[in-house]
Amino acid sequence: MTDQQLSVVTTQIAEAQQRKNDAESRSKVIRGMIASGQSLDGVNDVRNSVVIQSLLQTKANLQADLAQKSTTLLSNHPTIKALKAQIGELTRQISSEAERVADALDAEAKVEAGLEQRLRDDLTRTKLTAGDATKGSVTLDGLAREAKAQRDLLENYLAKYSDATSRTASNAALPDVRIVSEAAPSAEPAAPKIPLILGAVGFVALALQIGAVLFGELMSGRVLVERQRAAAFEEDDRLYEADAPAFADDERIDDELEHAVESSLAPPARPVVAVADDLAELSAAVSAHQLRTVLLASLDDGAETLVVIDRLLEDALMADLSAVVVDAGSGEPSAALGLTDLAAEHADYGDVMQRAGDNLAEVPWGRLSSLDRRSSRPLTMVEALADIYHVVIVDTGRAGMASNLPLFSGARATVVLVASADSHPVAVGAARRDITALGFEVGRVVSLPTTRADVA
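Computed from a prediction, not measured in an experiment: that's the story for all the values here.

Reading the values: the criteria
Residues numbered from 1 in each chain as written. Predicted model: local features only at pLDDT ≥ 70, side-chain atom pairs only at ≥ 80, totals over all residues. Heavy atoms only, no water. Salt bridge = Lys/Arg side-chain N within 4 Å of Asp/Glu carboxyl O. Helix = DSSP H or I, 4+ residues; strand = E, 2+ residues; numbered from the N terminus. Buried < 20%, exposed > 50% of the residue type's maximum accessible area, 1.4 Å probe, protein only. Pairing = 2+ DSSP bridges. Polar contact = N/O pair within 3.5 Å; in protein donor to acceptor, adjacent residues only side chain to side chain. Lys, Arg positive; Asp, Glu negative; His and termini not counted. Contact = heavy atoms within 4.5 Å. pLDDT = per-residue confidence, 0-100. Expected span 1.5 Å × (residues − 1). Phe/Tyr/Trp six-rings, centres within 6.5 Å; stacked < 30°, edge-to-face > 60°. Lys NZ or Arg CZ within 6 Å of the ring centre and 35° of its normal. 1 Å grid on protein atoms, 1.4 Å probe; cavity = no way out; pocket = protein on both sides within 12 Å on 5 of 7 lines; lining within 4 Å. Points joined across faces, edges and corners; volume = space filled by probe spheres on them. Core = buried A, V, L, I, M, F, W, Y, C linked by side-chain atoms within 4.5 Å. Patch = residues over 30% accessible without salt bridge, like charges linked within 9 Å, V, L, I, M, F, W, Y side chains within 5 Å. Areas by Shrake-Rupley, 256 points an atom, 1.4 Å probe, with all protein chains shown as cover. Axes fitted to C-alpha atoms, helices over the stretch in contact; angles between N-to-C directions. Parallel < 35°, antiparallel > 145°, perpendicular 65-115°, else oblique. Left-handed = near helix turned anticlockwise from the far one by under 90°. Nonpolar A, V, L, I, M, F, W, Y, C, P; charged D, E, K, R; others polar.

**Student:** Go over the pattern of salt bridges, please, and point to the residues and values.
**Tutor:** Tallying each qualifying case throughout the model produces seven salt bridges. The residue glutamate 112 makes a salt bridge to arginine 19 at a minimum N-O spacing of 3.1 Å. Within this pair, whereas glutamate 112 is found in helix α4 (residues 78-168), its partner arginine 19 is found in helix α1 (residues 2-36), the two being separated by 93 residues in sequence. The partner of glutamate 116 in a salt bridge is arginine 120, with the nearest N and O atoms 2.9 Å apart. Of this pair, glutamate 116 and arginine 120 both sit in helix α4, separated by four residues, roughly a single helical turn. For arginine 120, a relative accessible area of 35% puts it in the partly exposed group. Where salt bridges share partners, they join Lys20, Glu116 and Arg120 into one cluster.

Next comes the structure, spelled out in structure tokens:
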């Protein structure tokens, strides 16, 4: 039923859009012919007007009279001038009526545009409810399978009961039983199956050994990375505090130190290179529709993220693009239903959408204090919003192992790391590695200038 509704609504949207485009095209043709002074006799919408038909008939009669009078009278004769004036007046009236026909076609196009928008809203609601419909169908299939199994079991019991009843009846005809062959003891035991059991035990033991080795390697690599990171931070702070004058005088030593710290922290399998992009370039990419879904991860607090969101929304709306903002990182409960309520299944997809304008919507944090990371509903909602809106901006909070980025694993999105201009390159590299450890690739790093207060 959900697929059928989506197909019907999509067909209705296409038909409404075709009717709107047809009305707009006919209106533009009429207005263009009026502006160029061409004859409107060949336009069907103009000829179908009763008033214009009467005016055209009157104009034709006057033109016939003018042609007849011109054979005997000069062009400056009062009768000739009067006929020409009447013909000019009729021409202006015909143009005015044609303008009214064009206005009617414009009104028809606006009606079809409104119908198209309402159908698109219905399509959005249908898409959001498709996830729940799929879950309900899976539950229904499970219940049907369980009911069939119970029905088969009951029918088996009923057949056995009927057979036993027929044997105990007084008038029952006993079957003809004959001995065909006598039973003989088996040469080998039926159970236990020693080779099968030994093979299963060996397979389980091998799987446990491999799992233990892999788990030990992963844990040892993680601890090694954490130790290298802590040691690099301590060494960096010690060298900067103790040898700051020497480093300021010798740029070569400073470059070697920074390269050594970066090399000690970089993972051997996937080198990370921090690339700083200007906020204007990121906004231009969003406005040009090159980036559809943007996941924002902040390095420090959320102030820089709010600046980036405001800039992206401003440029997207100036480019006449529709945008939606999803709060998945503030952690501040809101009065309206939001993402936490959706993840906890306390609200539906349509309940958490809050419209802020014609082309702007938002999904707040929600009424709950924590976000359920095991739920797949936030990812489903972001993918559905990417099909509806031009730009989807998701605030995932501060970067790190406690980030909400894993909620959107698998989404076709670009991860943007937001930092301040005075952020240390080592901290930026550590944040990029944390994001990579969560299974993402950092597409851009945006550095914002630090706001300093004026001191009297």
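**Student:** Tell me about the pairing of strand β5 (residues 360-363), and please be specific about residues and values.
**Tutor:** As paired elements, strand β3 (residues 323-327) and β5 share four bridges and run parallel to each other. Within the sheet, the bridge partner assigned to valine 326 lies in β5 and is valine 363. As judged from the two bridges shared by strand β4 (residues 354-355) and β5, these two strands associate in the antiparallel manner. Its bridge partner being in β5, arginine 355 is matched across the sheet by alanine 361. The turn linking β4 back onto β5 is made up of four residues.

**Student:** Can you lay out the side chain of threonine 436 for me, pointing to particular residues and giving the numbers?
**Tutor:** With respect to the helices and strands, the residue threonine 436 is situated in helix α12 (residues 425-437). Reaching out from threonine 436, the side chain makes a polar contact with the backbone oxygen of arginine 432 at a distance of 2.8 Å.

**Student:** Describe the side chain of aspartate 395, and please don't skip the residues or the numbers.
**Tutor:** With respect to the helices and strands, aspartate 395 occurs in strand β6 (residues 391-398). With no salt bridge to any partner, buried aspartate 395 finds its closest opposite charge in arginine 398, at an N-O distance of 11 Å. With sequence-adjacent residues up to four places away left out, aspartate 395 is seen in contact with Leu296, Thr305, Ile309, Val326, Asp327, Ala328 and Gly329.

**Student:** Go over the confidence of the model for the protein with me, naming the residues and quoting the values.
**Tutor:** For the protein, the average pLDDT comes to 76, and 77% of its residues sit at 70 or higher. Across the protein, β3 holds the top mean pLDDT of 92, while helix α6 (residues 244-249) sits lowest at 41. Between residues 256-276, whose pLDDT stays under 50, and residues either more than four places distant or in other chains, the model counts 27 contacts.

**Student:** How would you summarise helix α11 (residues 377-388) if you had to cite specific residues and measurements?
**Tutor:** In a regular helix each residue adds 1.5 Å, so 12 residues correspond to 16 Å; α11 covers 17 Å between its end C-alpha atoms and thus fits that length. When we look at burial in α11, the residues that qualify are Arg377, Pro378, Leu379, Met381, Val382, Ala384, Leu385 and Ala386.

**Student:** Explain the environment of proline 333 residue by residue, including any values.
**Tutor:** By the element assignment, proline 333 lies in the loop between β3 and α10 (339-343). Overall, proline 333 belongs to the exposed group, its relative accessible area being 51%. Between the C-alpha atom of proline 333 and that of serine 370, which follows or precedes it by 37 residues, the distance is 8.8 Å. Those residues in contact with proline 333 that sit more than four places away from it in its chain are Trp365, Gly366, Arg367, Leu368 and Ser369.

**Student:** For the packing of aromatic side chains, give the residues involved together with the corresponding values.
**Tutor:** Across all of its chains, the model carries zero aromatic pairs by this definition. The positively charged end of arginine 377 is found above the aromatic ring belonging to tyrosine 349, 4.9 Å away from the centroid.

**Student:** Which residues make up the layout of surface pockets, and what values do they have?
**Tutor:** Here the largest pocket defines a volume of roughly 720 Å³. Along the walls of the largest pocket sit 21 residues, with Gln117, Asp121, Thr124, Arg355 and Ile388 positioned nearest its centre. Of all the secondary structure elements, the ones that give two or more residues to the lining of the largest pocket are α4 and α11. The leading source of residues in the lining of the largest pocket is α4, at eight residues.

**Student:** Explain the nonpolar core to me, using residue names and the numbers behind them.
**Tutor:** Within soluble globular proteins, side chains that are nonpolar generally end up buried alongside one another. By size, the foremost hydrophobic cluster in this structure holds 39 residues, and its most contacted members are Leu339, Met381, Leu385, Val394, Leu405, Leu417 and Ile435. Broken down by element, this core gets its largest block of residues, five residues, from α11. Not counting chain neighbours up to four residues away, the residues in contact with leucine 417 comprise Ala297, Ser298, Leu299, Ala399, Val428, Ala431, Arg432, Ile435, Val442, Arg444, Val445 and Val446.

**Student:** Tell me about a nonpolar patch on the surface, and name the residues and values.
**Tutor:** Together, Leu153, Leu154 and Tyr157 give the surface a local cluster of nonpolar side chains, amounting to about 320 Å² of exposed area. Considering the arrangement of structural elements, one finds leucine 153 in helix α4. Among the residues examined, leucine 153 registers a relative accessible area of 41% and is labelled partly exposed.

**Student:** An account of the packing of helix α8 (residues 279-287) against helix α9 (residues 303-318) is needed here, citing residue identities and associated values.
**Tutor:** Their axes nearest at 9 Å, the elements α8 and α9 cross at an angle of 40°. Our classification of the angle between α8 and α9 gives oblique. The handedness of the crossing between α8 and α9 is right-handed. Mapping the contact onto sequence places Leu279, Ala280, Leu282, Ser283, Val286 and Ser287 in α8 and Val308, Arg311, Leu312, Asp315 and Ala316 in α9. Tallied by class, the residues present in the contact of α8 with α9 amount to seven nonpolar, two polar and two charged.

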